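Listed below, chain by chain, are the residues.
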Amino acid sequence: DTPDIWEDCGRYEYEIGYTTQQCKRMSSLFKYIYDDGTIKYKDINKTKAIAFQIQIEKKEMPLFFDKEIITIILDNLISNAIKYTEQGKITLSLYPTTRNGVTYTEIKVSDTGYGISAEALPHVFDRYYQESGKHQASGTGIGLALVRNLVELHEGEIRVESIQNEGSTFYI
(Lines give C-alpha, C1' and ligand atoms only; values in the text may rest on other atoms or scores of the structure.)
Protein backbone atom coordinates (compact mmCIF):
# COMPACT_ATOMS: atom_id res chain seq x y z
CA ASP A 1 0.00 0.00 0.00
CA THR A 2 1.11 3.53 -0.77
CA PRO A 3 1.18 5.68 2.38
CA ASP A 4 -1.27 8.58 2.57
CA ILE A 5 1.22 11.45 2.36
CA TRP A 6 0.22 15.07 2.99
CA GLU A 7 -3.26 15.00 1.51
CA ASP A 8 -4.18 18.10 3.52
CA CYS A 9 -1.63 20.41 1.87
CA GLY A 10 -4.35 22.93 0.93
CA ARG A 11 -4.54 24.42 4.40
CA TYR A 12 -1.14 26.04 3.86
CA GLU A 13 -2.30 27.93 0.77
CA TYR A 14 -3.75 30.78 2.81
CA GLU A 15 -0.50 31.35 4.71
CA ILE A 16 2.00 31.14 1.83
CA GLY A 17 0.68 30.79 -1.70
CA TYR A 18 3.21 28.42 -3.19
CA THR A 19 3.65 26.23 -0.13
CA THR A 20 0.70 24.17 -1.29
CA GLN A 21 2.39 23.48 -4.61
CA GLN A 22 5.67 22.57 -2.92
CA CYS A 23 3.92 20.37 -0.37
CA LYS A 24 2.11 18.51 -3.13
CA ARG A 25 5.37 18.19 -5.02
CA MET A 26 7.06 16.51 -2.02
CA SER A 27 4.06 14.24 -1.75
CA SER A 28 4.36 13.29 -5.41
CA LEU A 29 8.13 12.80 -5.08
CA PHE A 30 7.78 10.34 -2.21
CA LYS A 31 4.81 8.64 -3.86
CA TYR A 32 7.00 8.26 -6.98
CA ILE A 33 9.82 6.81 -4.91
CA TYR A 34 7.40 4.55 -3.04
CA ASP A 35 5.45 3.36 -6.11
CA ASP A 36 7.62 3.66 -9.22
CA GLY A 37 10.94 4.32 -7.53
CA THR A 38 10.93 1.07 -5.63
CA ILE A 39 10.64 -0.66 -8.98
CA LYS A 40 13.36 1.60 -10.41
CA TYR A 41 15.78 0.83 -7.59
CA LYS A 42 14.92 -2.86 -7.72
CA ASP A 43 15.96 -2.79 -11.38
CA ILE A 44 19.31 -1.22 -10.42
CA ASN A 45 19.65 -3.73 -7.59
CA LYS A 46 20.90 -6.85 -9.35
CA THR A 47 20.80 -8.94 -6.19
CA LYS A 48 17.71 -10.07 -4.35
CA ALA A 49 19.62 -9.92 -1.06
CA ILE A 50 18.92 -6.19 -0.52
CA ALA A 51 15.61 -4.99 0.91
CA PHE A 52 14.50 -1.41 0.14
CA GLN A 53 12.42 0.40 2.79
CA ILE A 54 10.80 3.82 2.95
CA GLN A 55 9.90 5.33 6.34
CA ILE A 56 7.89 8.55 6.59
CA GLU A 57 7.42 9.55 10.20
CA LYS A 58 4.90 12.36 9.99
CA LYS A 59 2.17 13.24 7.54
CA GLU A 60 2.60 17.02 7.64
CA MET A 61 6.11 18.23 6.83
CA PRO A 62 5.93 21.14 4.38
CA LEU A 63 9.18 21.85 2.55
CA PHE A 64 10.58 24.27 0.00
CA PHE A 65 12.58 22.40 -2.62
CA ASP A 66 13.10 21.68 -6.29
CA LYS A 67 11.72 18.25 -7.18
CA GLU A 68 14.27 17.59 -9.92
CA ILE A 69 17.22 18.45 -7.70
CA ILE A 70 15.96 16.37 -4.78
CA THR A 71 15.43 13.50 -7.22
CA ILE A 72 19.07 13.81 -8.42
CA ILE A 73 20.27 13.83 -4.80
CA LEU A 74 18.22 10.78 -3.82
CA ASP A 75 19.08 8.89 -7.01
CA ASN A 76 22.78 9.39 -6.33
CA LEU A 77 22.63 8.40 -2.66
CA ILE A 78 20.41 5.38 -3.26
CA SER A 79 22.40 4.12 -6.25
CA ASN A 80 25.59 4.45 -4.18
CA ALA A 81 23.94 2.50 -1.37
CA ILE A 82 23.04 -0.24 -3.84
CA LYS A 83 26.59 -0.33 -5.28
CA TYR A 84 28.18 -0.67 -1.85
CA THR A 85 25.69 -3.05 -0.21
CA GLU A 86 26.05 -6.72 -1.03
CA GLN A 87 23.21 -7.80 1.24
CA GLY A 88 21.01 -6.30 3.93
CA LYS A 89 18.81 -3.26 3.54
CA ILE A 90 18.65 0.29 2.29
CA THR A 91 16.30 2.68 4.05
CA LEU A 92 15.03 6.07 2.91
CA SER A 93 13.54 8.06 5.81
CA LEU A 94 11.82 11.44 6.11
CA TYR A 95 11.20 12.91 9.56
CA PRO A 96 11.18 16.17 11.54
CA THR A 97 14.20 17.07 13.66
CA THR A 98 14.98 20.08 15.86
CA ARG A 99 18.34 21.82 16.16
CA ASN A 100 18.95 25.04 18.08
CA GLY A 101 15.21 25.46 18.62
CA VAL A 102 14.40 25.27 14.88
CA THR A 103 12.46 22.33 13.43
CA TYR A 104 13.69 20.97 10.09
CA THR A 105 12.68 18.07 7.91
CA GLU A 106 15.53 15.63 7.50
CA ILE A 107 15.99 13.04 4.77
CA LYS A 108 18.10 10.04 5.67
CA VAL A 109 19.51 7.36 3.37
CA SER A 110 21.07 4.46 5.23
CA ASP A 111 22.43 1.08 4.23
CA THR A 112 23.95 -2.00 5.79
CA GLY A 113 26.77 -2.12 3.26
CA TYR A 114 30.55 -2.08 3.34
CA GLY A 115 30.79 1.29 5.06
CA ILE A 116 33.40 4.01 4.63
CA SER A 117 36.74 4.00 6.44
CA ALA A 118 37.43 6.64 9.08
CA GLU A 119 40.31 7.93 6.93
CA ALA A 120 38.04 8.42 3.90
CA LEU A 121 35.06 10.01 5.69
CA PRO A 122 36.43 13.59 5.65
CA HIS A 123 36.97 13.35 1.88
CA VAL A 124 33.81 11.67 0.55
CA PHE A 125 32.32 14.99 -0.61
CA ASP A 126 35.54 16.12 -2.35
CA ARG A 127 35.35 16.25 -6.14
CA TYR A 128 37.00 13.23 -7.83
CA TYR A 129 37.65 11.48 -4.52
CA GLN A 130 37.24 7.71 -4.49
CA GLU A 131 38.20 5.49 -1.62
CA SER A 132 40.49 2.73 -2.82
CA GLY A 133 40.00 -0.77 -1.55
CA LYS A 134 38.52 -4.14 -2.35
CA HIS A 135 34.98 -2.75 -2.64
CA GLN A 136 35.85 -0.02 -5.15
CA ALA A 137 32.98 0.49 -7.60
CA SER A 138 33.12 2.15 -10.98
CA GLY A 139 32.56 5.89 -11.08
CA THR A 140 34.22 9.26 -11.45
CA GLY A 141 34.17 10.49 -7.87
CA ILE A 142 31.93 13.46 -8.64
CA GLY A 143 28.57 12.09 -7.41
CA LEU A 144 28.82 13.01 -3.73
CA ALA A 145 30.47 16.35 -4.57
CA LEU A 146 27.48 17.11 -6.79
CA VAL A 147 25.10 16.00 -4.04
CA ARG A 148 26.79 18.32 -1.53
CA ASN A 149 26.59 21.26 -3.95
CA LEU A 150 22.90 20.63 -4.67
CA VAL A 151 22.09 20.33 -0.96
CA GLU A 152 23.92 23.59 -0.26
CA LEU A 153 22.04 25.23 -3.14
CA HIS A 154 18.90 24.43 -1.13
CA GLU A 155 20.53 26.05 1.91
CA GLY A 156 20.71 22.62 3.51
CA GLU A 157 23.44 20.57 5.06
CA ILE A 158 24.63 17.04 4.39
CA ARG A 159 26.61 14.80 6.68
CA VAL A 160 27.58 11.15 6.77
CA GLU A 161 28.18 8.60 9.48
CA SER A 162 29.73 5.26 8.66
CA ILE A 163 31.27 2.20 10.23
CA GLN A 164 33.20 -0.21 8.06
CA ASN A 165 31.42 -3.52 7.49
CA GLU A 166 28.25 -2.15 9.13
CA GLY A 167 27.04 0.53 6.71
CA SER A 168 26.64 4.23 6.07
CA THR A 169 24.00 6.86 6.75
CA PHE A 170 23.67 10.14 4.88
CA TYR A 171 21.61 12.92 6.50
CA ILE A 172 20.22 15.84 4.50
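Up top you'll find the structure we're talking about.
Model, not experiment: these values are computed from the prediction.

## Description of the overall build of the protein
Inference 1: Check the secondary structure of the protein and you find 3 helices and 5 strands.
Inference 2: Starting at the N terminus, the α and β elements of the protein follow one another as α-β-α-β-β-α-β-β.
Inference 3: The buried share of the protein, taken over its 172 residues, is 41%.
Inference 4: For the protein, restricting intrachain contacts to residue pairs at least 6 apart in sequence, the fraction spanning at least 24 positions comes to 64%.
Inference 5: When the accessible surface of the protein is summed, it comes to about 10100 Å², and 48% of that surface belongs to carbon and sulfur atoms.

## Details of the pairing of strand 3 (residues 102-111)
Inference 1: Relative to strand 3, strand 2 (residues 88-99) is paired through 10 bridges, and the arrangement is antiparallel. Looking at strand 3, one finds that Ile90 is bridged to Asp111.
Inference 2: Pairing geometry for strand 3 and strand 5 (residues 167-171), over 3 bridges, is antiparallel. Looking across to strand 5, one finds that Val109 is bridged to Phe170.

## Side note on the packing of aromatic side chains
Inference 1: In the structure shown here, the tally under the stated rule is 1 aromatic pair.
Inference 2: Ring geometry for Phe125 against Phe170: centres 6.2 Å apart, planes inclined by 85°, an arrangement best described as edge-to-face. Here Phe125, found in the loop between strand 3 and helix 3 (143-153), pairs with Phe170, found in strand 5; they are 45 residues apart in sequence, far enough to count as distant.
Inference 3: When its relative accessible area of 9% is taken as the criterion, Phe170 is described as buried.
Inference 4: For the cation-ring pair, Arg159 lies above Tyr171, with the distance from its terminal atom to the ring centre recorded as 3.9 Å.

## Brief notes about the sheet that holds strand 3
Inference 1: Strand order in the open sheet formed by 5 strands is 1-2-3-5-4, and the pairing between neighbours is mixed. What marks the edges here is a single partner per strand, and that holds for strand 1 (50-56) and strand 4 (159-163). For this sheet the average axis-to-axis angle between neighbouring strands, irrespective of direction, equals 15°.
Inference 2: Against the sheet, helix 2 (residues 67-83) touches strand 1, strand 2, strand 3 and strand 5, its axis set at about 35° to strand 3.

What counts, and where the lines are drawn
Residues numbered from 1 in each chain as written. Predicted model: local features only at pLDDT ≥ 70, side-chain atom pairs only at ≥ 80, totals over all residues. Heavy atoms only, no water. Helix = DSSP H or I, 4+ residues; strand = E, 2+ residues; numbered from the N terminus. Buried < 20%, exposed > 50% of the residue type's maximum accessible area, 1.4 Å probe, protein only. Contact = heavy atoms within 4.5 Å. Areas by Shrake-Rupley, 256 points an atom, 1.4 Å probe, with all protein chains shown as cover. Pairing = 2+ DSSP bridges. Phe/Tyr/Trp six-rings, centres within 6.5 Å; stacked < 30°, edge-to-face > 60°. Lys NZ or Arg CZ within 6 Å of the ring centre and 35° of its normal. Axes fitted to C-alpha atoms, helices over the stretch in contact; angles between N-to-C directions.

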